[in-house]
Amino acid sequence: MDRRKFIKNGGLGGAALMGGAWAASCADKTSEEKAGNITPTGPLVIATWNVPNATAKAYEVLKGKGTALDAVEQGVMMEEADVNNQSVGKGGRPDRDGNVTLDACIMDKDSRCGAVVYLQNIVHAVSVARRVMEDTPHVMLAGEGARKFALEKGFPEEDLLTDKSRQEWLEWKKTSKYDPVINIENHDTIGMLAIDSNGDIAGACTTSGMAYKMAGRVGDSPIIGAGLFVDNEIGGATATGMGEEVVRTVGSFLIVELMRQGKSPQEACEEGVRRIISKKENFRDIQIGFIAVNKAGETGAYCIHPGFSYRKYSESGHEDNPATSYLQS
Ligand code: ASP
């Protein structure tokens, strides 16, 4: 993964225009009419950041005629298990007390959703979120309740703090300066959106949250509507970056609603970022990145600072795409 690289801007214009036209043409139709209107584009997956192992896994599931729900779960699990990814799952950076606490959510084509927040000692937070969705009458479980539920469901318990993350935390404690660094070091949630061969959409989002956060802090990533939102008639969106700002604007829901109103995924992501900027004077101090996909399989991404990218796997290939940004440098 090379999230640390400074990435130049790229253009996403053409597909975006088509997406807007498609959504506008669907705005007045029933869901059946909309479904009839759609030419399935073949399976597709996108994820925040350059996570080729995650998107490859998800695409493998999709190519095997798996559901978008299975694809996003298994895709982000790759990152949760990867100790070299220090923003997700095992190996994630801890809070300021040295505890790794995970947040995750998942949402399917039927608007079913599940989430866990402040989960400790369980690697696959996304799978626990899925069990919350499928096996309980609730949407979200927190902390000790989430951990106990995971254990009851047979998830193994293990220490998530690796030596590397522990050493870095001990180093951080010498100054205890809480200062999020743009694009790197202390954030980088994995949000993933997929369309399966039926044309159905699902999404997942998983994170260890902002590094060295206050104990108990929960960001946007497990909050349905903020860190992730899917409407199978329209599309999906997911976020990375300073979660507090994404929550304030209910960012992912906003982007899906903008697509419903006729914006392309690209235009909708741009408006999502602009909404945050318009409400935050010191927006230059933070990074936010959104990605989105619509029902026609068109994608978009936008961020505040250059450096954010998203990985895409479709029939046309498997590549890392630099997101365009509000600031140029
Ligand atoms: N959105 C995550 C959070 O606020 C962190 C990140 O993606 O950078 O917890």
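Remember, predicted model here, so these are calculated numbers, not experimental data.

(A) Geometry of helix H7 (residues 163–173). Three or more residues of H7 are buried, namely Ser-165, Trp-169 and Trp-172. Axial view of H7: buried residues confined to an arc of 60°, hence all on one face.

(B) Spotlight on the packing of helix H5 (residues 125–135) against helix H6 (residues 143–152). Running from N to C, H5 and H6 cross one another at 85°; their axes reach a closest spacing of 10 Å. Taken together, the axes of H5 and H6 lie roughly perpendicular to each other. Within the contact between the two elements, H5 uses Val-128, Arg-131 and Val-132 and H6 uses Ala-146, Phe-149 and Ala-150. For the contact of H5 with H6, the residue count by class is five nonpolar, no polar and one charged.

(C) Here's a closer look at the pattern of salt bridges. Per the counting criterion, the structure on display carries 22 salt bridges. For Glu-134, the salt bridge is made with Arg-130, and the minimal N-O distance between the two is 3.0 Å. Highlighted residues: Glu-134 and Arg-130, both in helix H5, separated by four residues, approximately one helical turn. In this structure, the salt-bridge partner of Glu-257 is Arg-260, at a minimum N-O distance of 2.9 Å. Taken together, the residues span about one helical turn, with Glu-257 and Arg-260 both in helix H9 (residues 251–260) at a distance of three residues. Its relative accessible area of 28% is what places Arg-260 among the partly exposed residues. Several salt bridges share partner residues, and in doing so they unite Asp-70, Glu-73, Asp-108, Arg-112, Arg-130 and Glu-134 into one network.

(D) Expanded view of the packing of aromatic side chains. Considering all chains together, one arrives at five aromatic pairs under this definition. Measuring from centroid to centroid gives 4.6 Å for Trp-172 and Tyr-212, while their planes differ by 20°, and the two rings are stacked. Of this pair, Trp-172 sits in helix H7 while Tyr-212 sits in the loop between strand E6 (201–207) and strand E7 (228–231), and the two are 40 residues apart along the sequence. Seen from their ring centres, Phe-229 and Phe-253 are 4.9 Å apart, and the 85° between their planes marks the pair as edge-to-face.

(E) The arrangement of the sheet that holds strand E4 (residues 140–142) in detail. In space, the eight strands of this open sheet follow the order E4-E3-E2-E6-E5-E1-E11-E12, with mixed pairing throughout. The open sheet is flanked by E4 and strand E12 (317–322), the only strands paired with a single partner. For this sheet, the mean angle separating the axes of adjacent strands, direction not counted, is 10°. Bridge count for strand E1 (residues 44–48) against strand E5 (residues 190–195) is four bridges, and the pairing is antiparallel. From the neighbouring strand, Ala-47 faces E5, where its bridge partner is Met-192. With respect to the sheet, helix H4 (residues 68–81) is in contact with strand E2 (102–107), E5 and E6, its orientation differing from that of E5 by roughly 155°. Contacts between H6 and the sheet are confined to strand E3 (113–119) and E4, with E4 contributing the most and set at about 105° to the helix.

(F) Layout of unusual backbone geometry. With a phi angle near 70°, Lys-65 is a residue other than glycine that sits in the positive phi range. Residue position: Lys-65 is located in the loop between helix H3 (52–63) and H4. One non-glycine residue, Tyr-212, lies in positive phi territory at about 65°.

(G) Layout of the packing of H3 against H4. As a packed pair, H3 and H4 sit with axes 7 Å apart at the nearest point and diverge in direction by 155°. With respect to each other, H3 and H4 are oriented roughly antiparallel. Every pair of crossing elements has a handedness; the one defined by H3 and H4 is right-handed. Residues Asn-53, Ala-54, Lys-57, Ala-58, Val-61 and Leu-62 of H3 touch H4, and the partners they reach there are Ala-68, Asp-70, Ala-71, Gln-74, Gly-75, Met-78 and Glu-79.

Conventions adopted
Residues numbered from 1 in each chain as written. Predicted model: local features only at pLDDT ≥ 70, side-chain atom pairs only at ≥ 80, totals over all residues. Heavy atoms only, no water. Buried < 20%, exposed > 50% of the residue type's maximum accessible area, 1.4 Å probe, protein only. Helix = DSSP H or I, 4+ residues; strand = E, 2+ residues; numbered from the N terminus. Arc of directions from axis to C-beta. Axes fitted to C-alpha atoms, helices over the stretch in contact; angles between N-to-C directions. Parallel < 35°, antiparallel > 145°, perpendicular 65-115°, else oblique. Contact = heavy atoms within 4.5 Å. Nonpolar A, V, L, I, M, F, W, Y, C, P; charged D, E, K, R; others polar. Salt bridge = Lys/Arg side-chain N within 4 Å of Asp/Glu carboxyl O. Phe/Tyr/Trp six-rings, centres within 6.5 Å; stacked < 30°, edge-to-face > 60°. Pairing = 2+ DSSP bridges. Left-handed = near helix turned anticlockwise from the far one by under 90°.

Taken by themselves, the reported measurements are silent on function.
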